[in-house]
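Structural characterization, general
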Amino acid sequence: MSGRAWGVLFVLCGAIFLEGIDVAMLNVALPSIREDLGLSTGTLQWVMSAYVLGYGGFMLLGGRAADLFGRRQMFIFWLVLFLLFSGLGGLATEGWMLITARFVTGVAAAFMTPAGLSIITTSFEEGPKRNKALLVYSGTAAGGFSIGLVVGGLLAAVNWRWVFFAPVILSFLILVTAIALIPKSARPRRDGQPVDLAGAITVTGAILLLVYSVERATHVAAPWTVGTVAASLALFLAFTAIERKSASPLVRLGIFRNSALVRSNIAGLLFAAGFFGFQFIVVLYLQELRDWSTLQTSFAMIVIGIDAVLSPTLTPKLVEKFGNARVIFGGLVLASLSYALFLPVQADWTYAMMFPSLIILGLAFSLAYGPLTIVATEGIEEEEQGVAGGLLYTSFQFGAALGLSSVAAVNIAATDGSSPAAQLDGYQAALVVPLVAALLATVLSAFGLRKRSGAADEPLPQAASVS
């Protein structure tokens, strides 16, 4: 790849690193935020949920906006908003201010992330060059989350507001570099076709309601959850009807005929559910049952960040030799093994006994995440790359919300009392959820082994390369 191409990749990796580190740092800073602002448990929960709601709810719209209005334009505009509202979060003096800032930051990430991914998939020639770029990109995302756990603990020890100010500094550096390095492109022509506003409103509303339902499932009455899910499904049905009649649909329904795309999105959803649900329970186990500090927990979990090293080094070689389908399948098998090994956890386990699960999970992530991204965007027309990226990240985000909500619900239901033994029972029961999710994803991915690894369902024109 040329120096300019590497520069573009560097900028986009910086943006996905920023998104990962932002989420991870906030996770470990929540106790300090609660203490300083005097937030209730419900308000504190919304500090996290507001970001998830904005991110998951607007991701699909963000992906299509990149296709319609220009990938570079969308990336830079929403990066500026990410910078501004991250800074406003650090200045918050009331809970509602912080929640509002986090929601808008999530929306900004929802537009920025698929735009960045589609710049990669349309800038690098389909094949080894694009695969390598996407694997480096996915490794950087994993590194952001892993490093954020430790950096967030260190910054929160000084002042929790630095958890919001640090991304502002990083965002500014990425913005300046992006303006200089990402090549300008003409705004896509729509040939007079209107933007599908009706489709955008219905699908965004449907996803918002669905993510909200999952996020609040353990906090509100069952009838309310059933009602919001039903309303979400009704909006999805309305969206389908609108898209069938639209001359310029937000999402061309024919894209779902690509079985590799559908399979990778469902597998990605299940993988994210298991990955984030497992980490949530492990953190609770270490901090609530074992009384480990935030920093101790962060350093214990950072071993999962080995994926940041393996994704751009080992995974490309494995993909080249065995193909995406087999590498994904291997990653999901390893994820299942990781969760199974942690299932019999006891109150007196040493870190050495936990280590195999954590290191195997890091390896599993490095094998599954990047190749899933490749398969979900491979063989898709250039003008739909933003949509493909939006679909994938919506699946990941919804999977994460579903996994967190599910393990929380099982943990609460299985914990009978406040004794250490009761807590342990709850954790062990909740750990079954990520195992089941990983096993389902493994079975689903096995269908991809029947096809030539890495092959798309329909051969389509390749994207132009900037190298």
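Remember, predicted model here, so these are calculated numbers, not experimental data.

A count of helices and strands for the chain gives 16 helices and zero strands. Radius of gyration (C-alpha) of the chain: 21 Å, near the 23 Å computed for a compact globule of 467 residues. Expressed along its principal axes, the backbone C-alpha trace of the chain runs to roughly 65 × 50 × 45 Å. Out of the 467 residues in the chain, the part that is buried amounts to 56%. Of all intrachain contacts in the chain linking residues separated by at least 6 positions in sequence, the fraction that spans at least 24 positions is 84%. Here the chain has roughly 18600 Å² of accessible surface; of this, 68% comes from carbon and sulfur atoms.

Within the structure shown, the criterion is met by five salt bridges. The salt bridge partner of Arg64 is Asp67, with a shortest N-O separation of 3.7 Å. Residue Arg64 and its partner Asp67 are located together in helix H2 (residues 41-69), separated by three residues, close to a single helical turn. Side by side, Arg64 and Asp67 carry an identical accessibility label, which is buried. With a shortest N-O distance of 2.9 Å, Arg71 and Asp67 are connected by a salt bridge. Neither residue differs from the other here; Arg71 and Asp67 are each classed as buried. What emerges from the salt-bridge pattern is a single network uniting Arg64, Asp67 and Arg71.

This part is about the environment of Phe278. The topology assignment puts Phe278 in helix H9 (residues 259-289). Relative accessible area serves as the criterion here: at 0%, Phe278 is assigned to the buried category. Along the chain, Phe278 and Ser338 lie 60 residues apart, while their C-alpha atoms are 9.7 Å from each other. Setting aside chain neighbours within four positions, we find Phe278 in contact with Tyr339, Phe342, Ser357, Leu358, Leu361, Leu431 and Pro434.

Moving on, we get to the nonpolar core. Nonpolar side chains tend to gather and get buried jointly when the protein is soluble and globular. Within the largest apolar cluster, 120 residues are counted, with the highest numbers of intra-cluster contacts made by Phe75, Tyr285 and Phe342. It is H9 that provides the largest number of residues to this core, a total of 15 residues. Apart from the residues within four sequence positions on either side, Tyr285 is in contact with Arg290, Phe342, Val345, Gln346, Ala347, Trp349, Met354, Leu424 and Tyr427. In terms of nonpolar packing, the next biggest core, distinct from the first, is built from 17 residues, Met25, Leu37, Val47 and Trp160 among them.

How each quantity is defined
- Residues numbered from 1 in each chain as written.
- Predicted model: local features only at pLDDT ≥ 70, side-chain atom pairs only at ≥ 80, totals over all residues.
- Heavy atoms only, no water.
- Helix = DSSP H or I, 4+ residues; strand = E, 2+ residues; numbered from the N terminus.
- Rg over C-alpha atoms; globule rule 2.2 N^0.38 Å.
- Buried < 20%, exposed > 50% of the residue type's maximum accessible area, 1.4 Å probe, protein only.
- Contact = heavy atoms within 4.5 Å.
- Areas by Shrake-Rupley, 256 points an atom, 1.4 Å probe, with all protein chains shown as cover.
- Salt bridge = Lys/Arg side-chain N within 4 Å of Asp/Glu carboxyl O.
- Core = buried A, V, L, I, M, F, W, Y, C linked by side-chain atoms within 4.5 Å.

All quantities given are derived from atomic positions and should not be read as evidence of function.
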